[in-house]
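# An overview of the molecular structure
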Amino acid sequence: MSVAVVTGSAGLIGSETARFLHEQGMEVVGIDNNMRAYFFGADGSTEWNSKQLEKDLKNFRHHALDVRDEAAVGELFAELGGNIELVIHTAAQPSHDWAAREPFTDFTVNANGTLVLLESTRQHCPEATFIFTSTNKVYGDLPNSLPLVEKSTRWEVNESHPYYEHGIDESMSLDQSKHSLFGASKVAADILTQEYGRYFGLKTGTFRGGCLTGPAHSGAELHGFLAYLVKCAMSGKPYTIYGYKGKQVRDNIHSYDLVNAFWHFFQNPIPGAVYNMGGSRHSNCSMLEAIDYTEKLCGRELNYVLSDQVRSGDHIWWISDVRKFQQDYPGWSYRYDLKRIMEEIVAATAERLETATA
Ligand SMILES: NC(=O)c1ccc[n+]([C@@H]2O[C@H](COP(=O)([O-])OP(=O)(O)OC[C@H]3O[C@@H](n4cnc5c(N)ncnc54)[C@H](O)[C@@H]3O)[C@@H](O)[C@H]2O)c1
């Protein structure tokens, strides 16, 4: 049976990946040490998801390893060797804001951890496809220098601008802008992944995500905005919007659609490829629009405040241009739009809140 290694397997993208690959008949080896609970407290714990995977998937094995642990990861890869056909690396310190609290932790998890996995792949299974979940934060705050226009519920890029119709493509510079420490550690990992493709010829693919979301998100204040918004609306917790009058725009892609994109890449990998991957024009919203949707779906008002404080390096408007990926993999398409994404998150949150109070 062919083996896939999935890091961050208890997280939003990792767990969706584990389920997807298992369904394709692969044996899935998950690596996750629940460090999300260390980053974000109990709200962020992904232990529930680890347990669920072990219960649901017959050919799934969980390893509570730290991706920075070169010896332990190397040993696991040595044991699995050439049976590994696919490595999907989603483990990360994923928050912009958290990174400044512990720069060493952020950098070592995101950059060193990626290096450990790339090198383990090169040493023990060089024929495997390696997929890295990067982020649009690698472009720093450069998107904020686009000509933006304020509309009633959102910021928009000027209609005459080439990015207006399809969003921002991969030609945007990564250089000379403010990234936050998180953006910087992800740039290091993003470039390392490209380099293992270009320099060593590994079949690496880098996917720069917009907002990734779905029902398996352990939404916390500092990460997973749609999931956290819904959690607040349903539980009555107060919610704070930071800056830009709540009109900042995010594109949102469902974890299934992203993982399905990984699968298409795995069928025919292009070494060193880089893709912007998000909801694009197909699925996007501003904070105010997301709140409006949430309130309608939950049937109750969100208790929120608008703060003038802006998150350092935060994007005002981000929409991913996914046409490069679509051109390389024309068989891939979206299954989810924003409406369906929101409905699923609301249903999953209601179920989890019910279980917690039962
Ligand atoms: N969610 C988003 O909106 C978004 C957007 C762009 C990019 N990304 C990237 O996509 C990837 C997946 O994001 P997600 O939303 O699924 O994150 P997540 O936090 O839900 O999952 C990541 C998992 O990695 C685990 N982990 C963290 N550090 C670890 C370590 N040192 N060793 C082992 N496991 C560790 C965590 O416990 C968690 O379960 C990340 O690389 C993230 O930076 C996410």
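Definitions and cut-offs
Residues numbered from 1 in each chain as written. Predicted model: local features only at pLDDT ≥ 70, side-chain atom pairs only at ≥ 80, totals over all residues. Heavy atoms only, no water. Disulfide = S-S within 2.5 Å. 1 Å grid on protein atoms, 1.4 Å probe; cavity = no way out; pocket = protein on both sides within 12 Å on 5 of 7 lines; lining within 4 Å. Points joined across faces, edges and corners; volume = space filled by probe spheres on them. Helix = DSSP H or I, 4+ residues; strand = E, 2+ residues; numbered from the N terminus. Nonpolar A, V, L, I, M, F, W, Y, C, P; charged D, E, K, R; others polar. Pairing = 2+ DSSP bridges. Axes fitted to C-alpha atoms, helices over the stretch in contact; angles between N-to-C directions. Expected span 1.5 Å × (residues − 1). Buried < 20%, exposed > 50% of the residue type's maximum accessible area, 1.4 Å probe, protein only. Contact = heavy atoms within 4.5 Å.

What is meant by a disulfide is a covalent connection between two cysteines, made through their sulfur atoms. Applying the stated rule across the entire model yields zero disulfides. The thiol of Cys211 is unpaired, and the distance to the nearest cysteine sulfur, on Cys285, comes to 7.9 Å.

Of the voids in this model, the largest pocket is the one considered here, and its volume is about 740 Å³. Lining the largest pocket are 30 residues, with Trp48, Pro215, Ala216, Ala348 and Arg352 sitting closest to its centre. When residues of the lining of the largest pocket are traced back to their parent elements, those giving at least two are helix H1 (12-23), helix H3 (47-56), helix H8 (225-235) and helix H12 (338-357). Broken down by element, the residue count for the lining of the largest pocket peaks at eight residues, all from H12. Residues belonging to the lining of the largest pocket are distributed by class as follows: 11 nonpolar, 11 polar and eight charged.

As a further point, take the sheet that holds strand S13 (residues 284-286). What the three strands build is an open sheet, ordered S9-S11-S13; its pairing is mixed. In this open sheet, the two edge strands, each paired with only one partner strand, are strand S9 (211-213) and S13. Strand-to-strand twist of the sheet, defined as the mean angle between neighbouring strand axes without regard to direction, takes the value 40°.

For helix H7 (residues 180-198), which comprises 19 residues, the first-to-last C-alpha distance of 27 Å matches the rise-based estimate of 27 Å (1.5 Å per residue) to within 8%. Residues of H7 that are buried: Ser180, Phe182, Gly183, Ser185, Lys186, Val187, Ala189, Asp190, Thr193, Gln194, Tyr196 and Gly197. Where H7 is buried, its residues contact helix H5 (103-124), strand S5 (129-135), strand S8 (203-209) and strand S12 (273-277).

Among the six residues that make up strand S4 (residues 84-89), five are buried, leaving the element largely enclosed by the rest of the structure. Judged from the five bridges that link them, strand S1 (residues 3-7) and S4 form a sheet pairing that is parallel. Along S4, the bridge assignment pairs Val5 with Val87. Both S4 and S5 contribute to a ladder of four bridges, which runs parallel. If you follow Val87 over to S5, its bridge partner there is Phe130.

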